[in-house]
Amino acid sequence: MKNIFITGGNRGIGKGLVEQFSKNHNVIFTARDTNQAQMIVDSLEHDNADYVIMDVGVNESVQNGVKNLKSKISSVDILINNAGILIPGLKHKISAIDTDLDSMMETFNINTIGVLRVCKALTPFMRTNSRIINISSGMGQLEGMGTGSLAYRLSKTALNAMTIVLSQELMEKKIKVNSICPGWVKTDMGGHDASLTIQESTENIMKFALDDNFPSGKFLRNGEVLPW
Ligand SMILES: NC(=O)c1ccc[n+]([C@@H]2O[C@H](COP(=O)([O-])OP(=O)(O)OC[C@H]3O[C@@H](n4cnc5c(N)ncnc54)[C@H](OP(=O)(O)O)[C@@H]3O)[C@@H](O)[C@H]2O)c1
């Protein structure tokens, strides 16, 4: 039984991951709202999930969340950096020139620096041979880069670059780090027209996360390596 820590576990892909992993593993997830988090814990069939309150955009909140986490489990085997935002939504494509600069800052603060905040607080607490999965997006892929949603795209491109850097710097501690794209998933962010259900996407992610042949420093979707 592994200890899995998932950010943004209260809805969407994160909640799906909590449901999948908690069938056979110990899961601690983050949420920003206690009532919402408790409702999820109560709704699960298995008694393997708990939560800490954390806003990945705020240093103190991440530090307090990790302190709380340490009081619940002795170490983390798999960290899944899932929490993320997309402003404005996919349906409101805005050109790069018209992009609001505050939304650039906010998106980077959550999608990129938020992941670094969590890694800074948590990696000293991770054992050798543990794993980090950064939930990125095909929208951050340089190859075939498209238009619109500049803030989101760049925040994920930067996250992918950070994955490479972290994978090399944490190699000494034998912590493996990868970015993955979960596919286009039916969530608040992905919308109703998305091609994958949360269950389909999260089953794939769990299979990858637990695979004996877990690579490092790669960008993948469905276990297949993607070009950066
Ligand atoms: N859905 C897709 O098609 C798709 C495709 C590619 C990549 N992704 C990536 O997959 C991940 C999950 O996406 P999703 O579709 O599940 O999105 P979602 O339904 O919008 O859920 C986002 C999650 O992130 C959390 N979050 C947002 N800001 C946060 C903050 N400051 N601190 C802590 N948690 C925060 C949310 O918590 P609150 O409820 O508190 O806001 C929520 O749990 C994201 O990184 C996204 O970029 C999604």
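This section reports on the structure supplied with the text. (Residues numbered from 1 in each chain as written. Predicted model: local features only at pLDDT ≥ 70, side-chain atom pairs only at ≥ 80, totals over all residues. Heavy atoms only, no water.)

### So, the pairing of strand 3 (residues 49–53)
Both strand 2 (residues 26–31) and strand 3 contribute to a ladder of five bridges, which runs parallel. Along strand 3, the bridge assignment pairs Phe29 with Tyr51. Crossover handedness for the path strand 2 to helix 2 (residues 34–43) to strand 3: right-handed. (Pairing = 2+ DSSP bridges. Helix = DSSP H or I, 4+ residues; strand = E, 2+ residues; numbered from the N terminus. Right-handed = clockwise from strand over helix to strand, strands pointing away.)

### Examining the packing of helix 1 (residues 12–21) against helix 7 (residues 198–210)
Here helix 1 crosses helix 7 at 60°, and the two axes come no closer than 9 Å. Looking at the two axes, helix 1 sits oblique to helix 7. Along this stretch, helix 1 crosses helix 7, giving a crossing that reads as right-handed. In this structure, helix 1 uses Gly12, Ile13, Gly16, Leu17, Gln20 and Phe21 to contact helix 7, whose residues at the interface are Ile198, Gln199, Thr202, Glu203, Ile205, Met206, Ala209 and Leu210. Within the contact of helix 1 with helix 7, the residues separate by chemical class into eight nonpolar, five polar and one charged. (Axes fitted to C-alpha atoms, helices over the stretch in contact; angles between N-to-C directions. Parallel < 35°, antiparallel > 145°, perpendicular 65-115°, else oblique. Left-handed = near helix turned anticlockwise from the far one by under 90°. Contact = heavy atoms within 4.5 Å. Nonpolar A, V, L, I, M, F, W, Y, C, P; charged D, E, K, R; others polar.)

### Brief notes about the pattern of salt bridges
Overall, the coordinates contain five salt bridges when judged by the stated rule. Between Lys15 and Glu19 there is a salt bridge, with its nearest N and O atoms 3.4 Å apart. Linking Lys15 with Glu19, this pair stays in helix 1, spanning four residues, or about one helical turn. One salt bridge in this structure joins Asp50 and Lys72, with 2.9 Å as the shortest N-O distance. Of the two residues, Asp50 sits in strand 3 while Lys72 sits in helix 3 (residues 59–72), which places them 22 residues apart along the sequence. Taking relative accessible area as the criterion, Asp50 reaches 26% and is therefore assigned partly exposed. (Salt bridge = Lys/Arg side-chain N within 4 Å of Asp/Glu carboxyl O. Buried < 20%, exposed > 50% of the residue type's maximum accessible area, 1.4 Å probe, protein only.)

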